[in-house]
Amino acid sequence: MSWQLKDNRLAVTLTQEEDALWLEVRDLAGGKSWPKTPLVTLYAHEKPLRRTSPIRKYRIDLVEEVRGALHVVIGDNTMKCDVGLWLRILDGELSVTLSPGEVYERELALHRLFEVEILPGMMSASAGGKIVLPINTGVAFDPANKAKLCDRVLVYGEQDRWELMPSVPVCGAFEADGGMMAVATQGAYDANCRVETDGQGNGSVSFAFSLRQFWPDPVDTERREFRFAPIPADADPVVFIAKRLRRHVMDDLGKKSLAERANESPEVAYALEAYIMKMFHGIENAGYVMVGADKTNPVSFVNCMTFAEAGEHLQMLHSVGVEKVLTQAVGWNMRGHDGAYPTRFPVEERLGGEEGFRELIALGNSLGFNMNVHDNFMMGCLDAPDIDTDLLVHDFYGEPLIHGWWAGGIECSHWPSALPYERLEGHMLKMKGLGIIGSYYMDYMGQPLEVNYHPKHKGSRGEFMRGQNNVLKTAQKVFGSAACESGFLYCAIDADIVAARPKAYHLDHCETSWPIFSLIDEVVPIYELALHGLIINENASGPTWKSAIETVLWGDHPRDEWSTRPFVMPEFNETRARAHKAMYDLTLKQYGYLQTVELMDHKEIADGVRESRFADGTVVTVDMNKLELFVNGQQIARPEGFLDK
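Residues numbered from 1 in each chain as written. Predicted model: local features only at pLDDT ≥ 70, side-chain atom pairs only at ≥ 80, totals over all residues. Heavy atoms only, no water.

Student: Is there a simple way to explain the overall build of the protein in this structure?
Tutor: The secondary structure content of the protein amounts to 12 helices and 38 strands. Taken over C-alpha atoms, the radius of gyration comes to 26 Å for the protein, in line with the 26 Å a tight globule of 645 residues would show. Taken along its principal axes, the extent of the C-alpha atoms in the protein is 80 × 60 × 45 Å. For the protein, the residues scored as buried account for 62% of the 645 residues in total. (Helix = DSSP H or I, 4+ residues; strand = E, 2+ residues; numbered from the N terminus. Rg over C-alpha atoms; globule rule 2.2 N^0.38 Å. Buried < 20%, exposed > 50% of the residue type's maximum accessible area, 1.4 Å probe, protein only.)

Right, dumping it as structure tokens:
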């Protein structure tokens, strides 16, 4: 028995066999067909055996046509788990949706459904083809010469392998005659990407709806959807995947372009033209950052720069011609950077206290700068005076979930959905009362998603994500613009500025023993091609010529970090100020317009030579071997002043 869905671009045929459903897909526009593929594999956990097992044969309870869709209900007699799925063709793409209301677990004490994998094996490639994974900004590999293995990674990350930085909810596979991609358009935080190679030159990738990773996990009630789109044979598959993701970000998630945001937000308009400066004031000599530092000084607090000294540096920047600066004061708070969150006040007396801080803010604003701060709503230091452990994420042992060891000591993650008014909007309004203006920066978010097992605030990965989104939305409401540290897509939607998108740095710190890491052949710029012109991406490599040409190449935004006494950050002096002027003139005044122009393509055209093409026709080429910059074929002379020789 079979059923068909069809529009003018795509046709799918669903076939029922005795104990399984199979799907055939035909790309009517491109002419490519995919052979009969299992519709679904269920993964259920058997508590008595303490293992999760795949279910590939199942009871078929219902297949019905409903308003142009196919509604499928399947079940397993042993595990007592039933699932309903909906199949639709929408604009030439296959949509597969799942609602938690159609997931039944009839023996919760014994069996629970963990995952529903969709079309396992359909997105496949053989030697010479490519498979794309959501790791970092996107990675690709050729299945040729790969060992036999199977691995998986949750979109938006897990703390035990955070360095993989799975930041984009897409995957796909393609060969010379075309391919297929998938994008998780709803419930992306629960999209589990499974990848497999057979050791004989073949590989496949798939998405699964992950309902839970561990037995006690709460199940998010949000509807999930995967959209499958054929990749034409004549298309660049990386560009195609990225631009499909961009449409999702703008059309489905409502992300506005930077040009639109600048029209409605003076803070965003200013940020686009302003050099971002992290002024590093103070920090306790403890934690990961300080490993290897000099511990001979009995005074644990390191005063890197007083507020008065910072004011002198800002005046120097203004005097050399840096007209617009967005500052992010770091370590102004009690005990400095990462010192005692959620306690911020009193403003650190050893730096000048609240009076000195207000004077610094007023001085910077009078110079025409946007004076703002580095704040943190996720970190909860257990020794902080204002800590409330009921507001922290709890692990399944019932204890606050330890996230790290920083300058404030052992810290845990806040559950942002539980933050009361006085710890979120009320706190931001108090900060605004200091006189700060401009985009409000929040460190430590986004981060790999967590499940909360707290008895009162129990919640899913999706709720953790939505809580962080609410922090960003609140900052936009209070300050007109929001900035965050990490580039996971879920945070980029509600942020205007991203400080640290995924980079090679993260992959360099991965464990080579992780099976999925061994598959990576190349990093591909899906993230940049999808999000350029929608967020301000910081380049934080300092005022060097190398950093400058990389910033222009990507249409990025310059940022630097400094203090008076070099300890954690470099020393500010007249030489650095003049380097900032050179960086400001080239990357912002001359080529800053590229930030708002869509990036259409980016490739390595020769060894060490990279090229970006923008929607307005601008072509930027950089030879990293010779440190040469070309714009539209014309070499750009290196200005005087940059720090590197």
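Let us keep going from here.
Student: Quick question: what am I supposed to make of the sheet that holds strand S12 (residues 130-133) here?
Tutor: Two orientations exist for strands paired in a sheet by backbone hydrogen bonds: parallel and antiparallel. Strands sit in the order S7-S8-S9-S10-S19-S16-S15-S12-S13-S31 across an open sheet of 10 strands; the sheet is antiparallel. Of all strands in the sheet, those bounded by a partner on one side alone are strand S7 (59-66) and strand S31 (522-523). (Pairing = 2+ DSSP bridges.)

Student: Could you clarify how one ought to interpret the pairing of strand S27 (residues 409-413) in this entry?
Tutor: Along any regular strand the residues' side chains alternate between the sheet's two faces. Extensive coverage of S27 is indicated by the burial of 4 of its 5 residues. Bridging between strand S25 (residues 379-381) and S27 involves 3 bridges; their strand directions are antiparallel. Opposite Met-379, over in S27, you have Ser-413 as the bridge partner. As paired elements, strand S26 (residues 402-406) and S27 share 4 bridges and run antiparallel to each other. Each bridged residue has a counterpart across the sheet, and for Trp-405 the counterpart in S27 is Ile-410.

Student: I tried to follow the sheet that holds strand S6 (residues 51-55) on my own but got confused; where do I start?
Tutor: If you trace the 6 strands from one edge of the open sheet to the other, you get S6-S5-S11-S18-S17-S14, paired in antiparallel fashion. Looking at strand neighbours, the two that pair on one side only are S6 and strand S14 (148-154), the edges of this open sheet. Here the strands of the sheet are splayed against their neighbours by 25° on average, with no regard to which way each runs. One ladder, built from 7 bridges, connects strand S17 (residues 191-198) with strand S18 (residues 202-210); its direction is antiparallel. Across the sheet, Ala-191 pairs through a bridge with Phe-209, a residue of S18. (Axes fitted to C-alpha atoms, helices over the stretch in contact; angles between N-to-C directions.)

Student: Can you help me understand the side chain of Arg-161 in this one?
Tutor: If you trace the backbone, Arg-161 turns up in the loop between S14 and strand S15 (170-175). A relative accessible area of 14% places Arg-161 in the buried class. Engagement of the side chain of Arg-161 in a polar contact is seen with the backbone oxygen of Arg-152, the distance being 2.7 Å. Those residues in contact with Arg-161 that lie beyond four places of it in its chain are Asp-151, Arg-152, Trp-514, Pro-515 and Ile-516. (Polar contact = N/O pair within 3.5 Å; in protein donor to acceptor, adjacent residues only side chain to side chain. Contact = heavy atoms within 4.5 Å.)

Student: Before we go on, may I ask you to explain the side chain of Ser-53 in this structure?
Tutor: Considering the arrangement of structural elements, one finds Ser-53 in strand S6. At 3.2 Å, the side chain of Ser-53 forms a polar contact with the side chain of Glu-46. Once residues lying within four places of it in the same chain are set aside, the contact partners of Ser-53 are Leu-42, Tyr-43, Ala-44, Glu-46 and Met-79.

Student: I keep staring at the pattern of salt bridges and nothing clicks. Help me out?
Tutor: Two side chains with opposite charge may pair up if their charged atoms get near one another. Inspection of every chain in the model, using the stated rule, returns 43 salt bridges. Here Asp-521 makes a salt bridge to Lys-146, at a shortest N to O gap of 3.0 Å. One end of the pair, Asp-521, is in the loop between helix H9 (504-508) and S31; the other, Lys-146, is in the loop between strand S13 (139-141) and S14, and 375 residues separate them in sequence. You can call Lys-146 buried: its relative accessible area is 12%. The partner of Arg-358 in a salt bridge is Glu-354, and the shortest N-O contact between them spans 3.1 Å. Of the two residues, Arg-358 and Glu-354 both sit in helix H5 (residues 353-366), 4 residues apart, roughly one turn of that helix. (Salt bridge = Lys/Arg side-chain N within 4 Å of Asp/Glu carboxyl O.)

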